[in-house]
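Structural characterization, general
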Amino acid sequence: MQNTSYSTQKMIYKNFDEAADNILKMMSRLLDINTLFIAKNDRCTNKIMKVLNKKDILLEEGGTLPFEQTFCKLSVDHGTKPLIIPDITQSDLTKDLVVTKSLGEGSFIGIPIYYEDGENYGTLCGLDNRPYNFREELIEIFETMGSLLTYVLELDEAYQQIRSLSVPFIPITKGVAILTITGNVNEQRADTIISLALEKSQDLALDYLIIDLSGIGKINEIVSYSLLKIVNLLQIIGVKPILTGITPDVAIKAIGVGFETDDILVQSNLEQALKKIGLTLLKDGVRAK
């Protein structure tokens, strides 16, 4: 096995997906094992989310199996420590599984990955088509990387929650929602707003998205460009954008940075926007005309 000295100090990842890719690549350089993979399960199906094969193609990304028939299930049942099976044909846990008969012979190591609330996400695993002597330093790497992936998963979940809270997206009736933009918008937040607008519009099968600007801090080139991009992308996916809350001050600044609204439906406030699309705002909700 190669030199197993490694460091996690410079590991900076944008999200769990990026962390998974990089961790598998790093582990593959350190470990003399054919296949490394990360699987996700819903207690019914086990899906291979990321996989790195060295020589033989033992698994492919996107592959699925019934959870009960997998080594990953055994790993989850084993608990927080790595499950180590040097020879899958000799272990009572694995020798009768269909996947073992498919491989013919081999070895397995796996450790669970958890969400913050303790619910299992899936597993980080190593698989080979030959018996393997799992040394202590290899086991330590799996424990460290399993913990790191759990930590990154927690950060990713927290980021997604903060992301949604920072850009309030409110469904108000079937096919209609409001996106409220408040405060100042930098380039990173602008990307978040654009991404969220598209994701939610498709998830909710929207016909109209009302974009309220009454709480926006200032209009600059970033905001102007982002609004135009949102409007264009929404129209491409079949969603009609309506802008509301454009104050005289914001309008003057918008014109100053080149934001044109000639081809965009603009209404003074939410009530007028709803009226325009045939809805009436009531104390207890929204009603169609």
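In this report, we go over the structure that sits alongside the text. Here the structure is a predicted model, which is why all the values come from computation and not from measurement.

1. Overview of the overall build of the chain
Counting its secondary structure elements, the chain contains eight helices and 13 strands. The buried share among the 289 residues of the chain stands at 43%. Sequence-distant contacts, at least 24 apart, represent 63% of the contacts inside the chain between residues at least 6 apart. About 15600 Å² of surface is accessible on the chain, with carbon and sulfur atoms providing 49% of the total.

2. Section: the sheet that holds strand β6 (residues 120–128)
Pairing is antiparallel in the open sheet, where six strands are placed in the order β3-β2-β1-β6-β5-β4. Among the strands making up the open sheet, the edge pair consists of β3 (64–66) and β4 (83–85). Averaged over all pairs of adjacent strands, the angle between strand axes in this sheet comes to 25 degrees, irrespective of strand direction. Direction of pairing for strand β5 (residues 107–114) relative to β6: antiparallel, over a ladder of eight bridges. Looking at β6, one finds that Ile111 is bridged to Leu124. Running over the sheet, helix α1 (residues 16–30) touches β1 (35–41), β2 (45–53) and β6 and is turned about 50 degrees from β2.

3. A closer look at empty space enclosed by the protein
Inspection of every chain in the model, using the stated rule, returns one cavity of 30 Å³ or more. Looking at the largest cavity, its volume works out to about 50 Å³. Contributing to the lining of the largest cavity are Ile181, Val185, Ile193, Val223, Ser226, Leu227 and Ile230. For the lining of the largest cavity, the leading source of residues is helix α6 (residues 221–236), giving four residues. For the lining of the largest cavity, the per-class residue count stands at six nonpolar, one polar and no charged.

4. Things to note about the pattern of salt bridges
Applying the stated criterion across every chain yields a total of eight salt bridges. Across the pair Asp21 and Lys50 runs a salt bridge, and its minimum N-O distance is 3.3 Å. One end of the pair, Asp21, is in helix α1; the other, Lys50, is in strand β2, and 29 residues separate them in sequence. Look at Asp21 and you get partly exposed, because its relative accessible area is 30%. Among the residues examined, Lys50 registers a relative accessible area of 10% and is labelled buried.

5. Some words on the pairing of β6
Put simply, side chains in a regular strand alternate between the two faces of the sheet. With nine of nine residues buried, β6 is to be regarded as a mostly interior element. Between β5 and the antiparallel strand that follows it, β6, lie five residues; Gly118 among them carries a positive phi value of about 95 degrees.

6. A few points about the side chain of Ser28
By secondary structure assignment, the location of Ser28 is in helix α1. Overall, the relative accessible area of 10% leaves Ser28 in the buried class. Setting aside residues up to four positions removed in sequence, Ser28 forms contacts with Leu36, Leu52 and Lys54.

7. Let's talk about the packing of helix α5 (residues 187–203) against α6
The description of two packed helices rests on the angle between their axes and on the distance between the axes. Contact pair α5 / α6: the axes reach a minimum separation of 10 Å and the direction vectors enclose 15 degrees. By the angle between their directions, the pair α5 and α6 is classed as roughly parallel. Handedness of the crossing formed by α5 with α6: right-handed. Residues Glu187, Ala190, Ile193, Ile194, Ala197, Leu198 and Ser201 of α5 touch α6, and the partners they reach there are Ile222, Ser226, Lys229, Ile230, Leu233 and Leu234.

8. What about the pairing of β1?
In terms of burial, β1 is largely enclosed, as six of its seven residues are buried. Sheet topology note: the β1/β2 ladder contains seven bridges and is antiparallel. Bridge pairing in β2 places Lys40 opposite Lys47. Counting the residues that bridge the hairpin from β1 to β2 gives three residues, and of these Arg43 lies at a positive phi of roughly 75 degrees. In this structure, β1 lies alongside β6, joined through six bridges in antiparallel fashion. Each residue of the ladder has a partner; that of Ala39, found in β6, is Thr123.

Scoring rules and cut-offs
Residues numbered from 1 in each chain as written. Predicted model: local features only at pLDDT ≥ 70, side-chain atom pairs only at ≥ 80, totals over all residues. Heavy atoms only, no water. Helix = DSSP H or I, 4+ residues; strand = E, 2+ residues; numbered from the N terminus. Buried < 20%, exposed > 50% of the residue type's maximum accessible area, 1.4 Å probe, protein only. Contact = heavy atoms within 4.5 Å. Areas by Shrake-Rupley, 256 points an atom, 1.4 Å probe, with all protein chains shown as cover. Pairing = 2+ DSSP bridges. Axes fitted to C-alpha atoms, helices over the stretch in contact; angles between N-to-C directions. 1 Å grid on protein atoms, 1.4 Å probe; cavity = no way out; pocket = protein on both sides within 12 Å on 5 of 7 lines; lining within 4 Å. Points joined across faces, edges and corners; volume = space filled by probe spheres on them. Nonpolar A, V, L, I, M, F, W, Y, C, P; charged D, E, K, R; others polar. Salt bridge = Lys/Arg side-chain N within 4 Å of Asp/Glu carboxyl O. Parallel < 35°, antiparallel > 145°, perpendicular 65-115°, else oblique. Left-handed = near helix turned anticlockwise from the far one by under 90°.

All quantities given are derived from atomic positions and should not be read as evidence of function.
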